[in-house]
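Observations on chain architecture
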Amino acid sequence: MGDYRAYVDRDPYAFYSDSLERGPVCWDESMGARLALGYDEARSVLVQESVFGAVPSDVIAALLGLDWQDEQLLASCRAWNSTIFRWSETFGADEAATNEALAAAAGLDEVLLPVIRARREHRADDLISLLWDKGPDALQPWGEAEVLAQCRVLFFAGSDTTAHLLRNLLHVLLTEPGVDDRLRADPTQVGAFVDEVLRLYGPIHFRVRVALTDVELGGQVIRRGERAHPMNAAANQEPRHYPDPHRIQIDRSPLRDHLAFNAGPRFCVGAALARAEGAEVVEQVLPRSSGMDWVDGAGRPRFRGYMPRSFRPHFAALAPRAT
Ligand code: HEM
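Attention here is on the structure that accompanies the text. Values in this document were obtained by computation on a predicted structure and should not be read as measured data.

**Some details on the environment of glycine 225**
Within the secondary structure layout, glycine 225 lies in the loop between strand S6 (220-222) and strand S7 (227-230). Overall, the presence of 10 C-beta atoms within 10 Å leaves glycine 225 in the exposed class. Once the C-alpha coordinates of glycine 225 and threonine 213 are considered, the two residues, twelve residues apart in sequence, prove to be 7.4 Å apart. For glycine 225, the contacting residues outside a window of four places in its chain are Val210 and Ala211.

Below, the structure is given as C-alpha cells:
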C-alpha cells in the first residue's frame, strides 16, 4: 500500500493519517516491514523487548571532554554522524553506504581515542573519565574498546537528534500564532512547550525492530523474522490517543507519554539532556526579542530528512525588544 521511502525530504504526516485510517499496522513494500502507526501498537513494539528485538544507533563533545570550541573538529563529527545516519537508513543493504559509514566511524575513533587514552592515565571532569571509573562495575573486562563503543553511541545518538529538535522548536515558535507571547508571559510553560513540540515534531520518526516470534498486532499476524517498524511520529499524532493531534496544546494531559524518546527498556538515556537543551534555547531566545519573523525573500524551511527530520533551513530574524 504505502511507499514510505517516497517521503524522504517531504512532510510525511498526511501519509501517516491516511495510513492510520486504513488500520494501525500496515505493510510497507519500500521498507520491507510492517509499520506500527497507532499509538498502542507502536508503543507495544517498543516496550516488548522479548517479542521485538532491537536492530542495531556541541554539548556531547563537551560532555565527553573533547575540544568543543574546535569548529573544524565539530564540523567533521557532524559530517561523520550524517554519514552513519545515512547508512542506518539503508538497513545495512547498501554496500557503498556501509563502507562510507565504516570510514566515518574510523574518523570519529581518531578523534575519540587520544582523549580516551589520556583519561585512562589522568581523569578529568568529563564523561570519558566517568566511563573509566564506573564501567568496570557494569562489564568485565572493561577497556579501551568498551569506552570507545559507549562514546560512539553517545556522540551518534545525542548530537544530531538534538539539533533537529532545536530547529523544530524554532519552527513552531515562528509558525504558531501567539505561542511566543504566551511563553514570554509565563516562562514556567517552556518545559511543556518543548514536550509538545517533541510530540508534534519529534526528530526520530521511526525505529526498527524484528519479530522474535510470531505475534498478532493491530489485527495482523507478524511472522518471526519479519521487520516491524514502530512509527513513533505517526503514533504521536494518533487522534484516539491525542485529541486534536495536529494542534499544539501546551496544557495537554498527559504531556510526556509521547514516543519521541521511545518507550520501554530502550528509552533514550539522553532525554533529560535534550529537554534541558531545548528549554535553554527557548528561554534564551524569547526574552531577547519581541518575536521572530522570516527574512524577506530568503525562502521558507521545508521538512527534510528521513530517519531524523526537521524543518530547515530557517532564515529568520529576531525582532529586537522595544526598550
Ligand atoms: C531530541 C533529542 C533526542 C531524541 C529525539 C532521541 C531519541 C531517541 C530514541 C527514539 C531512542 C531509542 C532508539 C531505539 O531503541 O531504537 C534513543 C536512544 C538513545 N539515546 Fe536518544 N534522543 C535524543 C537525544 C539524546 C541525547 C542528548 C543523548 C546523549 C546524551 C542520547 C543518547 C541516547 C542513547 C545512548 C540511546 C540508546 C539507549 C539504549 O539503547 O539503551 N539521546 N534516543
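**What to know about the pairing of strand S2 (residues 33-36)**
The two faces of S2 match: Ala33 and Leu35 on one face and Arg34 and Ala36 on the other face are all buried. Connecting strand S1 (residues 25-28) to the antiparallel partner S2 that follows it, the hairpin turn spans four residues, and glycine 32 within it adopts a positive phi of roughly 65 degrees. As paired strands, S2 and S7 are joined by four bridges and run parallel to one another. Bridge assignment links alanine 33 to a residue of S7, and that residue is arginine 227.

**A short note on helix H12 (residues 271-285)**
Look at H12: 21 Å from first C-alpha to last across 15 residues, which is about the 21 Å you get at 1.5 Å a residue. Residues of H12 that are buried: Ala274, Gly278 and Val282. Looking down the long axis of H12, one finds its buried residues gathered within 65 degrees of arc, a one-sided arrangement. Counted as exposed and oriented over 90 degrees from the buried face of H12: Ala272 and Gln284. On its buried side, H12 packs onto helix H8 (160-175), helix H9 (179-185) and helix H10 (190-201).

Rules used in this analysis
Residues numbered from 1 in each chain as written. Predicted model: local features only at pLDDT ≥ 70, side-chain atom pairs only at ≥ 80, totals over all residues. Helix = DSSP H or I, 4+ residues; strand = E, 2+ residues; numbered from the N terminus. Buried ≥ 20, exposed ≤ 12 C-beta atoms within 10 Å, placed from the backbone. Contact = placed C-beta atoms within 7 Å. Pairing = 2+ DSSP bridges. Expected span 1.5 Å × (residues − 1). Arc of directions from axis to C-beta.

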